[in-house]
Amino acid sequence: MKKLLRIVLTGVAALVALVLAGLLTTTIVNTAASASEASRIEDYGQRVTVDGKHMNVLVEGDGEQTIVLLPGFGTGSPALDFSPLIAELSPMYRVVAVEPFGYGLSDQTDVPRTTSHIVDEVHEAVQGLGIDEYVLMGHSIAGIYALEYVERFRDEVTAFVGIDSSVPGQPGMDADLPVDAMRAAKALGITRVVTAMAGDPYADLPYDQATREQLGMISLRNTSSSTYSDEMSRIAANFRDARGKTFPADLPVLLFVQADNPTVEGWLPLHEEQAASVDRGEVVPLDADHYLHHTKSPEIAAAVERFLGR
């Protein structure tokens, strides 16, 4: 019996040692790779001073109407991720892709990632560019932030365009998310390993090789950063705060929506209800995944031009 116990304990100790050695290796590799990638990330856009820090924005096109683009949660580099859509819109509009703190090339911040603070900061960035009238266009969780944004700055926003945007009351947004576990996984290099095993999410999409490489490096840098983690930890609270909110009735609202969302029950009807709450609302279902702008940018741009009128 004692001999069997010694064998079991020896096996467990060997297994633990093997796991620790593996984690030590992934940690060292991740640290070295992160340092190397930091020097290879290329600059783009311009910096705007917001709350004493630097927020990155990309401005393309010189049309009479301005579109301010806001990303979904966790988009590593919004300006690069939106590049297919920017290419379609910029011949007709001035397009401003805002990278909130913790995204893209913007600074990190220790200001809590409440909807109110995020709205304040984005608005300050837009003001810093001297823009006082614009269409607000947002992907995913930007739909939640946009409700408060328009509520506070209705005199500046001429329309809202949602790209599979989040809506109040959508199911599944009250769950606690594993923020601490994700931060630990990044520090130990596990996130890098999992990302490599999953493959390039931008493969076979309209992005060149150089852009895909930049997206990968910036995403790894920003994922589970302090700002990212704080926003993630507040998603449920930000959705709770949005309950019952609607856009002003006189605000034109155009919603591009994933036609068949397999994970969120009632996804299309929720957006139809939101569009029906305003005087001029329209829903455009698209057969694509949540990141509609990756594959449907030409269709989105054409519908936006029709809706807004040149």
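Residues numbered from 1 in each chain as written. Predicted model: local features only at pLDDT ≥ 70, side-chain atom pairs only at ≥ 80, totals over all residues. Heavy atoms only, no water.

Caption draft 1: Structural context of the packing of aromatic side chains. Summed over the entire model, instances satisfying the criterion amount to five aromatic pairs. Judged by centre distance (4.8 Å) and plane angle (40°), the ring pair of Phe 73 and Tyr 228 falls under tilted. With Phe 73 in the loop between strand S3 (66–70) and helix H2 (78–81) and Tyr 228 in helix H9 (residues 226–233), this pair connects stretches of sequence that are 155 residues apart. In this structure, Phe 73 and Tyr 228 share a single accessibility class: buried. Through a chain of ring-to-ring contacts, three or more aromatic side chains come together here, namely Tyr 134, Tyr 149 and Phe 153. Stacked on the ring of Phe 307, the Lys or Arg Arg 280 has its end atom at 3.9 Å from the ring centre. (Phe/Tyr/Trp six-rings, centres within 6.5 Å; stacked < 30°, edge-to-face > 60°. Helix = DSSP H or I, 4+ residues; strand = E, 2+ residues; numbered from the N terminus. Buried < 20%, exposed > 50% of the residue type's maximum accessible area, 1.4 Å probe, protein only. Lys NZ or Arg CZ within 6 Å of the ring centre and 35° of its normal.)

Caption draft 2: Region of interest: the pairing of strand S2 (residues 53–60). Strand direction decides the pairing type here: strand S1 (residues 46–50) and S2, joined by five bridges, are antiparallel. The residue bridging Arg 47 from the neighbouring strand is Asn 56, located in S2. Linking two consecutive strands that pair antiparallel, namely S1 and S2, is a turn of two residues; a positive phi of about 50° is found at Asp 51 within it. Two elements, S2 and strand S4 (residues 94–99), share five bridges in a ladder whose sense is antiparallel. (Pairing = 2+ DSSP bridges.)

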